[in-house]
Amino acid sequence: MKEYDNLPLLAEKSRAEFLQYYKKNKKHLEKLDIFVHQLHEEVSEKVDCLACANCCKTLGPAIYDKDIDRIAKALRVKPSEVVAQYLKIDEDGDYVFQSMPCPFLMPDNYCSIYEHRPKACREYPHTDRKKFVQIYKLTVKNTATCPIAYEVLKQLVKK
Ligand code: SF4
Ligand code: SF4
């Protein structure tokens, strides 16, 4: 994904434009879910997550009890062992991985627990969620990490 090598820089350059769009179109944005979801689909088809894995390398997803149970079952260990071996509690009181890159990220960028990965991993970068307007500002932040978030906003503000 050569074109995204400078993603933090590209995101920084577009930040003001993204935030300006939000300010101007906030009310209108509430009706734009279908369009944003279409953009999400189109962009996701073109971006190769396996050539990126930025989220798995740098962000710490929140991990909930159901995630822990599912991972424990997949690894055939007790939930308490998953907690002891892989997790810590962050400043918001959520479980997160003890360190990043994620311990389940393999050298080829595949996730070794893909079928059992945490809900937050499945949903990232959230550009297909309902009421996208509610996470618009979070998405602006995500543009520095995620090419999908960046492209979705780039195309949205061009509209
Ligand atoms: S940061 Fe975005 S593009 Fe990169 S692997 Fe994660 S979801 Fe895919
Ligand atoms: S559990 Fe899998 S999808 Fe989630 S951060 Fe780790 S490697 Fe990525």
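None of the values given here were measured: they were computed from a predicted structure. (Residues numbered from 1 in each chain as written. Chains lettered and ligands numbered in written order. Predicted model: local features only at pLDDT ≥ 70, side-chain atom pairs only at ≥ 80, totals over all residues.)

Topic: the site of ligand 1
What surrounds ligand 1 is the set V47, C49, C52, A53, N54, C55, Y124, P125, T145, C146, P147 and I148. By residue class, the composition of the shell around ligand 1 is ten nonpolar, two polar and no charged. (Near = placed C-beta within 6 Å. Nonpolar A, V, L, I, M, F, W, Y, C, P; charged D, E, K, R; others polar.)

Here we look at the site of ligand 2
As a structural note, the neighbourhood of ligand 2 is formed by C56, P61, C102, F104, L105, C111, I113, R117, P118 and C121. The residue makeup of the shell around ligand 2, split by class, is nine nonpolar, no polar and one charged.

Focus on the domain arrangement of the protein
Segmenting the protein into domains produces domain 1 (2-56 + 125-158) and domain 2 (60-122). Once you take the C-alpha centre of each, domain 1 and domain 2 turn out to be 25 Å apart. (Domains from an automatic or database assignment.)

Details of helix α8 (residues 147-158)
Here α8 is twelve residues long and its end C-alpha atoms lie 16 Å apart, about the 16 Å a rise of 1.5 Å per residue gives. Of all the positions in α8, only P147, I148, A149, Y150, E151, V152, L153 and L156 are classed as buried. Residues of α8 that are buried in the fold lie against α1 (7-29), α2 (33-46) and α7 (136-142). (Helix = DSSP H or I, 4+ residues; strand = E, 2+ residues; numbered from the N terminus. Expected span 1.5 Å × (residues − 1). Buried ≥ 20, exposed ≤ 12 C-beta atoms within 10 Å, placed from the backbone. Contact = placed C-beta atoms within 7 Å.)

A closer look at unusual backbone geometry
In terms of backbone geometry, most residues other than glycine have negative phi values and most peptide bonds are trans. The omega angle of the peptide bond from M100 to P101 is 0°, so this bond is cis rather than trans. Examined against the element boundaries, P101 turns out to sit in the loop between β2 (95-97) and α6 (119-123). A cis geometry characterises the amide bond from Y124 onward to P125, with omega recorded as 5°. Located in the positive-phi region is A53, a residue other than glycine, with phi close to 60°. Of note, A53 is situated in the loop between α2 and α3 (54-58). Even without being glycine, K131 reaches a positive phi, approximately 55°. Here K131 is to be found in the loop between α6 and α7. Owing to 10 C-beta atoms within 10 Å, K131 belongs among the exposed residues under this scheme.

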